[in-house]
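In case you want the letters, here they are:
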Amino acid sequence: MPPALFLLLVSGALCSLGHSMTREEKHKLRNQVVEMFDHAYQNYMDHAYPADELMPLTCRGRVRGLEPSRGDVDDALGKFSLTLIDTLDTLVLLNKTTEFEVAVRRVLTDVRLDNDIVVSVFETNIRVLGGLLGGHSMAVMLKEGGQHMQWYQDELLHMAKDLGLRLLPAFNTSSGLPYPRVNLKYGVRGPETRTGTETDTCTACAGTIILEFAALSRFTGDPVFEAHARRALDFLWEKRQRNSNLVGTTINIHSGEWVRRDSGVGAGIDSYYEYLLKAYILLGDDMFLQRFNIHYASIMKYISQPPLLLDVHIHKPLLPARTWMDSLLAFFPGLQVLKGDIRPAIETHEMLYQVTKKHNFLPEAFTTDFRVHWAQHPLRPEFAESTYFLYKATGDPYYLEAGRTILDNLNRFARVPCGFAAMKDVRTGSHEDRMDSFFLAEMFKYLFLLFAEAENLPFDVEDYIFTTEAHLLPLSLSTAPHSSSIPSNRTSEEELDDSNFDWTCPNARLLFPDPAFPRNLREPIRSAVDKSCPRPAPYREPGMGRPPLRAQDFMANNPEHLELLRRMGVSLIHLKDGRVQLVQHATQAMSAVAAEDGVRFMQEMMELSSQQQKEQLPPRAIQIVSHPFFGRVVLTAGPAQFGTDLSKSSTGVRGFVTVAEPYNGCTEITNAEYVQGHIALLQRGQCMFAEKARHIQKAGAIGGIVIDDNEGSSSDTAPLFQMAGDGRSTDDITMPVLFLFHKEGNILLEALKEYREVEVLLSDKARDRGVNVQEAEEDCLTEATTPTSFEPVGQSQMSTVEPDESAAEEVTPSQEEVSPVDEDASPAEEVSPPVEEVSPAEAEADSAQPEDEMDSEKREVPKDNTDSSSQSVDELLADWREDLEAFQQMEKDEL
């Protein structure tokens, strides 16, 4: 069947549902898309090029090796001007032909592909190789038009082949599955370059190669690339679970054993399914459609629970593997449109739309009751992609309104002076200093196409297929000559079930004779998502008895408590970064009974910390609203157990900041005339938080911000916490007090030093930049759960506490993974949780606990850059560290 026929579904539209959007409105929104693209692209070219990506908060380029490592997420960067290459075909689609020609000349002149650098095979394939091939396709199309690119002689294609040859060594495995990383200059050469030693890769990483490699083979006439990609797909197909016909998330590239046996349509697997269907569309090989249909039937049988898509175990597909979904599955409704299964596409898209409206963006992960699970949003385009395809399939103007929502939220919450910044936390509106290349490659393509009329497009998009990075490959490649030079693992056709093989395309008009049908599907889903969030479960007393000292009563600077700990065999170890750890040695206890009490104390502390994580309040926001920030900079802050509850305030507290004297706020304020009517800045330490608050309130302050004195601490590497009271009533404190870690606090201090007058807004979440505050009931804030790894080891246990060494402040535990800093203690004893100067209800840990971020590879802990004493505001903003890969944590979770 010709591939073009398969796309008839997309070009057919249903009767219009509801009120149509006028051509004038669509024209206005289309122009808005172009203006937003110009804002992002021009800032990249002005402030970042030739770096791989733009850092929009600090208005500079991200160069690998010059910025603090973000772990595996940096493997997408290869010092090859990633964003420019990824954006080439977007320029043509948006009718920026002149800019495209300039950009191609820049790529040919400036970009080198022989860098001694290790990159992700998956990311380099979809972003760089795909970008070069998409750019080549556009250049050929324009040249054939006779007006532009007449000088072009396939230079981008030659670069693409050069890159393809540099990726090929990764496929030198017995299975044909590629290593996850390759050195662009030396290939796969061993441990010194982090290549050739890996054993695992994700299914999507190995199965998202065929479009780019097959296109490269057919453009160049060299079959080796397509042959390697087919061999990898054949091996994955062979290793599917034969009863469920599902694949796992992570596979051993040598043995073919499934390392992670959970199966879904989101992170780690997503584009494997996408490329099976699109390989059929692009290449016309029936085998790919057969395999996709067999997989799709199992997805709909086991994973799809409309409107939800929940991971299951491949061997026991009726057992759910988790109770949350990740944002990468938002592409799936668009894929279902290509398949022709419109009803579940409408249902899942509507669920995603309602979650988006609830939180302004789609959180990286959210629970089955639509609460935030991981709060980041790196400006992913998958929801916009599905919105476009559903509009193409249905013609329903409802999806135009969904696109308008995406545009509005990007402008209101993500737009900054130097581009668009990823969201660090969708609940507070705080930013990350990153603008990934896929934002320009994908987001603006789909939004432009959504609002464009046929006459607005420089070519017919129905003649092309979109890769997973939205690069455009011509369907004419299906007729290009090809052959295979490598033996294939291809399954014999007799094993395939022809009854599952759909040869025909559905007619959208016959599927939905009633124009109101899609609306009827959406209504119950909207109601389900709109229900209020459940309250956290109340604290339950641990069932381990009552030792002489309760964990919830423990204070690290109370001499009586320390003596009790000593009797129980528990000692304190002071770490180099100012924190201390609790270590329990049963043999050092005064008696067997005291040793048992020590064990109970440590166990109670662990249970308490686990409960506190469930009850922890969401973070607060400190938004700098004065010139030149105008609300574009949002700092993540920790709340206090006393003072004004900002979550119950629709306006927050707004005022100019001033530094209190003394800076620690532990005695009467001596510059009360400056503090009065202002928000006072204080340094943590030397006295109770509540004591600081009372002193500045007495001086007439309208709010307070306590800044951590532990140099280098940041909300990017340490979970936030609630500041505790002082053990007595704090009803007399009537103003809000928030906590900032050292890096975020220094941004505020340096802004004050540079601009003299700095006005901030203290609130539960960031407000619209320069516009009125939104309704407080727009969504219910929910906590993001941070995966933890924690187990006691016999009777030798340790917990980490982080009091100010000179402070008299209360501490309680917060469960964490054992961090690298804990290596100062005996390895056999390092098991229990870090503890902070907070109350039993809420706790902090300053140890390096990563936040989460999606990606298709593994998880690493970033290193901090702590030298910020002499930095400017822009440099301090640069010290905001990106969150670590949440999906990488997910890949390590034990099911």
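Residues numbered from 1 in each chain as written. Predicted model: local features only at pLDDT ≥ 70, side-chain atom pairs only at ≥ 80, totals over all residues. Heavy atoms only, no water.

A. Local environment of the overall build of the protein chain. In terms of regular secondary structure, the protein chain is built from 26 helices and 32 strands. Here the protein chain holds 895 residues, and 65% of them are scored as buried. Contacts in the protein chain between residues far apart in sequence, at least 24 positions, make up 76% of those at least 6 positions apart. Accessible area of the protein chain: about 31300 Å², with a carbon and sulfur share of 49%. (Helix = DSSP H or I, 4+ residues; strand = E, 2+ residues; numbered from the N terminus. Buried < 20%, exposed > 50% of the residue type's maximum accessible area, 1.4 Å probe, protein only. Contact = heavy atoms within 4.5 Å. Areas by Shrake-Rupley, 256 points an atom, 1.4 Å probe, with all protein chains shown as cover.)

B. Expanded view of the environment of Pro180. Tracing the sequence through the fold places Pro180 in the loop between helix H7 (155–167) and strand S4 (181–183). With 20 residues separating them along the chain, Pro180 and Asp200 place their C-alpha atoms 7.8 Å apart.

C. Up close: the environment of Val657. Note on placement: Val657 falls in strand S25 (residues 653–659). On the accessibility criterion, Val657 (5% relative accessible area) is buried. Separated by 47 residues in the primary sequence, Val657 and Gly704 place their C-alpha atoms 8.7 Å from one another. For Val657, the residues in contact, after removing those within four places along its chain, are His678, Ile679, Leu681, Leu752, Val758 and Val760.

D. Fine view of the nonpolar core. Counting 175 residues, the largest nonpolar core has Phe100, Met351, Leu410 and Phe420 as its most contacted members. When sequence neighbours within four positions are dropped, the list of residues in contact with Phe100 reads Leu88, Leu91, Val92, Gly135, Met138, Ala139, Leu142 and Met149. Ranked by size, the runner-up nonpolar core spans 23 residues in total, among them Ala640, Ile669, Val675 and Ile733. (Core = buried A, V, L, I, M, F, W, Y, C linked by side-chain atoms within 4.5 Å.)

E. Up close: the packing of aromatic side chains. A full pass over the atoms with the stated rule returns 27 aromatic pairs. Between Tyr44 and Tyr49, the aromatic rings sit 6.3 Å apart at their centres with planes inclined by 80°, giving edge-to-face as the arrangement. Since its relative accessible area comes to 14%, Tyr49 is described here as buried. Note on Tyr272 and Tyr273: the rings are 5.3 Å apart at their centroids and 50° apart in plane angle, and the pair reads as tilted. Here Tyr272 falls in the buried class, since its relative accessible area comes to 0%. A relative accessible area of 0% means that Tyr273 is categorised as buried. Taken together, the aromatic side chains of Phe37, Tyr41, Phe420, Phe439 and Phe444 make up a single cluster linked through ring pairs. Looking at Lys357, its charged tip hangs above the ring of Tyr353, at a distance of 4.6 Å from the centre. (Phe/Tyr/Trp six-rings, centres within 6.5 Å; stacked < 30°, edge-to-face > 60°. Lys NZ or Arg CZ within 6 Å of the ring centre and 35° of its normal.)

F. Seen up close, the pattern of salt bridges. Inspection of the entire model under this criterion finds 42 salt bridges. Taking the shortest distance from any N to any O, the salt bridge between Arg230 and Glu226 comes out at 2.9 Å. Of the two residues, Arg230 and Glu226 both sit in helix H10 (residues 224–238), 4 residues apart, roughly one turn of that helix. Salt bridges sharing partners connect three or more residues here, namely Arg64, Asp72, Asp75, Arg181 and Glu198. (Salt bridge = Lys/Arg side-chain N within 4 Å of Asp/Glu carboxyl O.)

G. Main features of the state of the cysteines. Counted according to the given criterion, the structure contains 3 disulfides. Here Cys202 connects covalently by a disulfide to Cys205, the sulfurs 2.2 Å from one another. Residues Cys202 and Cys205 are joined by a disulfide whose S-S torsion is about 85°; by sign, that bridge is right-handed. Neither Cys202 nor Cys205 differs from the other in exposure class; each is buried. (Disulfide = S-S within 2.5 Å.)

H. Broad picture of the side chain of Asn43. Position of Asn43 relative to the elements: it lies in helix H3 (residues 23–47). Setting aside residues no more than four positions away along its own chain, Asn43 makes contact with Asp38, Ala48, Leu54, Pro417, Cys418 and Gly419.

I. Region of the structure containing the packing of H10 against helix H11 (residues 270–283). At a minimum axis separation of 12 Å, H10 and H11 run at an interaxial angle of 130°. With respect to each other, H10 and H11 are oriented oblique. For the element pair H10 and H11, the recorded crossing hand is left-handed. The residues of H11 that touch H10, namely those facing Glu226, Arg230, Leu233, Leu236 and Trp237, are Tyr272, Leu276 and Leu283. (Axes fitted to C-alpha atoms, helices over the stretch in contact; angles between N-to-C directions. Parallel < 35°, antiparallel > 145°, perpendicular 65-115°, else oblique. Left-handed = near helix turned anticlockwise from the far one by under 90°.)

J. Representation of the sheet that holds strand S12 (residues 324–326). Strand order in the open sheet made by the 3 strands is S12-S13-S14, with antiparallel pairing throughout. Looking along the sheet, the strands with just one partner apiece sit at the ends: S12 and strand S14 (372–374). Neighbour-to-neighbour, the strand axes of this sheet turn through a mean angle of 30°, independent of strand direction. Here 2 bridges tie strand S13 (residues 365–367) to S14, and the two strands are oriented antiparallel to one another. Bridged to Ala365 within S14 is Trp374. (Pairing = 2+ DSSP bridges.)

K. Fine view of the sheet that holds strand S5 (residues 200–202). Read from one edge of the open sheet, 3 strands run S5-S6-S7, paired in antiparallel fashion. Strands with a single pairing partner mark the edges of an open sheet, and in this sheet they are S5 and strand S7 (258–260). Strand-to-strand twist in this sheet, taken as the mean axis angle between neighbours without regard to direction, amounts to 35°. Pairing of strand S6 (residues 250–252) with S7, which is carried by 2 bridges, proceeds in the antiparallel orientation. Directly across from Thr250, in S7, lies its bridge partner Arg260.

L. Geometry of unusual backbone geometry. With omega at 10°, the peptide bond leading from Tyr49 into Pro50 counts as cis. The residue after Pro306, namely Pro307, is reached through a cis peptide bond having omega 5°. Notably, Ser81 is not glycine yet its phi reads approximately 50°, a positive angle.

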